[in-house]
Amino acid sequence: MIKLLKIFILLFSTVAFSQILEPVSWSTDIKEIGDKEYQLLIKADIDEGWHLYSQNVPDGGPIPTTFTFETNENFELVGETVEEVGHTVNDPVFNLKITFFENSTTFTQNIRFVNEPTNIKGEVEFMVCDDQRCLPPTYVELNFNLLGDNSTVETEKKETTPVKVEKEETVSEVRAENQQSNKGLLTIFIIAFLSGFAALLTPCVFPMIPLTVSFFTKQSKSKAAGIKNAIIYGISIIAIYVLLGSVVTAIFGADSLNRLSTNVTFNIIFFLLLVVFAISFLGAFEITLPHSWANKIDSQSNRSGLIGIVFMALALAIVSFSCTGPIVGTLLVEAASKGGIAPIVGMLGFSLAIALPFALFAAFPGWLNSLPKSGGWLNTVKVVLGFLELALAFKFLSNADLVLQLHWLEREVFLAIWIAIFGALGFYLLGKIQLPHDSPIPHISVGRLSLALLVLAFVIYLIPGLWGAPLKLISGFPPPLNYSESPKGVGGSSVSNVTDHNSFPDGAHEGPHGIPSFTDYEKGMAYAKSINKPVLIDFTGFACVNCRKMEDNVWSDPAILETLTNDLVLISLYVDDKRQLEDAENQISKLSGKPFRNIGQKWSEFQQLKYNANAQPFYVLIDTQENLLTEPSAYNPDVEDYHNWLKKGLNAF
């Protein structure tokens, strides 16, 4: 009786815990845009807290949204399916820039009929996630009724008809990412502002300050007039650079460069561009605008009044281009890769830092006496910026290598290059390396020595990264730890309890942290029966963000890792495995009545029918007779709580 009651409680808790989720509902509409030309409208309504991924997701990221249309000789597609501008974040799990949509979004596809209009059918494949779960790739039929009225046609789900359930109140990761996006703009502004001050300390800009003060002293008849002209001058400088950022945004679109940021060709172009900028700063050559431009602008700056002041600001921008150009170019490349108004924000921060000193010294010329004299230190600033540009360039080359998965610029190689660059910078600051345009150094100043020590300390910090150290201070710049010659560190120093792969049972492979794992349910159960151990079914996905978080942050705990390795049999079922099933024609879906598309669909349906759930991660502890040992668990970042859940199941076994 007690045993029956226990089974009843377990079954009840499973039903209460498990649920089929359908956070996205799809609808279609049509719009006539010309003679036999129509626009197909596909709207996705997304539940709060969930996000739907873009069509343009880099390789190695989550499953992109994909549309296919039933082709026939009556119509032809015009162009690609167009999507709205979404939210883009730099995902720390995939180490990629990923675009997603929240609340609602609409996709459009233009078509042209060759013959008479007919009804059209299509299909969308998509994946959605919230802050705790990801759903497997889902396929939904799209019907466009062109022969009836043009009212919205609700779509029907092909694979299952889930039951809507109340969702728990959670803190949405999407909202956190939106806040991160706002912080990203603030970060760009601060970096641009500091870059503006760095540009101010270059030999092309710093000497211009006394010349500017002299101009305003002669032009202004009174102190009040001088302050007014100085303010106009500062605003003109800001307007010129912000206009440049606006032009970049207008030409390339608010989000197009963001999408290009994961494009191989553009990352390589950005890499080459920054290398050219860096070599210029190191003294090999100067990047200048045509002298005729400077002469024409300078002649206009002699005019009195507002026009003369504006042209004076434009003359400053052109004359100082050989020093500010590489910095501005780098800022625009980095800011534009963020999408949206980032180029405008970047130029606002940069120009504000440039304009403030010029305007203040023009308004109060007496402050000039406190300025340090021009000299060789200005070229030192320029060279330091050159080293920093060179280091940043390899981040773009790394992006291209990651997308192509060439493994040419793996983590160790990237870090070796950075160690060489910053090591050379340290020796340069100590006076051991001389570059063109450098003045002789009779002695090293305290400031220069302090900066050299700081750079060399950073180099020493980087060195352990060659042997697998995480290097959290520069997280996001080098390739991830698993993209290296030694993913586990030199000598297998990463967290793992498994050293002998020959001891793995037949059919098992190396899972996260070296845990023996089965990806075939039948083989895993057969092995569990042979050794009489409980089974942990891990419903997961290659593109499941939260699955990776659990593996990286929870499964890596020594106590949990010991349990997963030695006390149970792990069966990991990937619901987004696109490989074809063997004997696929005879493997029929009970939900659709059609053959399974792939292995992932089989495991996704198994999870739905067996445990009435379709979200990942989803963990089930069972005995060798497939009976539940405890209630299933989902995403749970609490290490102690997850460990107690495992122990509860083991004790029940």
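Cut-offs and rules
- Each chain has its residues counted from 1, running along the sequence as written.
- Selection of residues for local features in this predicted model requires a pLDDT of at least 70, selection of side-chain atom pairs for listing and counting requires 80 or more, and totals for whole chains, interfaces and linings are taken over all residues.
- Side-chain numbers here rest on the full set of heavy atoms in the structure, without hydrogens or water.
- A fitted line through C-alpha atoms represents every axis, and for helices the fit uses only the stretch in contact; the resulting angles, taken between N-to-C directions, go from 0 to 180 degrees.
- Only DSSP runs of H or I reaching four residues or more are called helices, and only runs of E reaching two or more are called strands; each is numbered from the N terminus.
- For classification purposes, angles smaller than 35 degrees are called roughly parallel, those larger than 145 roughly antiparallel, those between 65 and 115 roughly perpendicular, and all remaining angles oblique.
- Rotating anticlockwise by less than a right angle from the far helix to the near helix defines a left-handed crossing, while the corresponding clockwise rotation defines a right-handed one.
- Pairs of residues are marked as contacts when any of their non-hydrogen atoms sit within 4.5 Å.
- Basically, the charged four are Asp, Glu, Lys and Arg, the nonpolar ten are Ala, Val, Leu, Ile, Met, Phe, Trp, Tyr, Cys and Pro, and anything else, Gly included, counts as polar.
- Given a helix with a known number of residues, its expected span is that number minus one, times 1.5 Å.
- Remark: exposure states derive from per-residue accessible area (1.4 Å probe, protein chains only) relative to the maximum for the residue type, with buried under 20%, exposed over 50%, and partly exposed in between.
- The arc in question is traced by the directions running from the helix axis to the C-beta atoms.
- Any two strands with at least two DSSP bridges between them are considered paired.
- Here a salt bridge means any side-chain nitrogen of Lys or Arg lying within 4 Å of a carboxyl oxygen belonging to Asp or Glu.

Things to note about the packing of helix α16 (residues 558-566) against helix α18 (residues 639-652)
Point 1. Running from N to C, α16 and α18 cross one another at 30°; their axes reach a closest spacing of 10 Å. Taken together, α16 and α18 sit at an angle that is classed as roughly parallel. Judged by the twist between their axes, the crossing of α16 over α18 is left-handed. In this structure, α16 contributes Ala559, Ile560, Thr563 and Leu564 to the contact, and α18 contributes Val639, Tyr642, His643, Leu646 and Leu650.
Point 2. A breakdown of the residues in the contact of α16 with α18 according to their chemical character gives 7 nonpolar, 2 polar and no charged.

Details of helix α13 (residues 446-462)
Point 1. In this model, α13 (17 residues) spans 25 Å end to end at C-alpha, consistent with the 24 Å of a helix rising 1.5 Å per residue.
Point 2. Buried within α13 we find Arg448, Ala452, Val455, Val459 and Leu462. All buried residues of α13 project into a common sector of 75° when viewed along the axis, lining one side. Turned more than 90 degrees from where α13 packs its buried face, Val446, Gly447, Leu453, Leu454 and Ile460 sit exposed.

Details of the sheet that holds strand β9 (residues 120-126)
Point 1. If you trace the 3 strands from one edge of the open sheet to the other, you get β4-β9-β11, paired in antiparallel fashion. If you trace the sheet from one side to the other, it starts and ends with β4 (66-69) and β11 (138-144), each paired once. Adjacent strand axes in the sheet meet at a mean angle of 20°, parallel and antiparallel pairs treated alike.
Point 2. Alignment of β4 against β9, held across 4 bridges, turns out to be antiparallel. By the bridge assignment for β9, Phe69 is matched with Gly122.

Quick word on the pairing of strand β15 (residues 535-540)
Point 1. Across the 6 residues of β15, 6 count as buried, placing the element largely inside the fold.
Point 2. By the alternation rule, side chains of β15 split into Val535, Ile537 and Phe539 and Leu536, Asp538 and Thr540, which are all buried.
Point 3. As judged from the 5 bridges shared by β15 and strand β17 (residues 618-622), these two strands associate in the antiparallel manner. Looking across to β17, one finds that Val535 is bridged to Ile622.

Points about the pattern of salt bridges
Point 1. Counted according to the given criterion, the structure contains 7 salt bridges.
Point 2. A salt bridge links Glu37 to Arg112; its shortest N-O distance comes to 3.2 Å. With Glu37 in strand β2 (residues 37-46) and Arg112 in strand β8 (residues 104-113), the pair connects residues that are 75 residues apart, well separated along the chain.
Point 3. A relative accessible area of 27% means that Glu37 is categorised as partly exposed.
Point 4. One salt bridge connects Lys648 with Glu631, and the closest N-O pair in it is separated by 3.3 Å.

Looking at the pairing of strand β16 (residues 569-574)
Point 1. Burial runs high along β16: 6 of the 6 residues are buried.
Point 2. By the alternation rule, side chains of β16 split into Val569, Ile571 and Leu573 and Leu570, Ser572 and Tyr574, which are all buried.
Point 3. Note that strand β14 (residues 516-518) and β16 share 2 bridges and pair parallel. What sits directly across from Phe518, in β16, is Ile571.
Point 4. Bridging between β15 and β16 involves 6 bridges; their strand directions are parallel. Counterpart to Leu536 in the pairing with β16 is Leu570.

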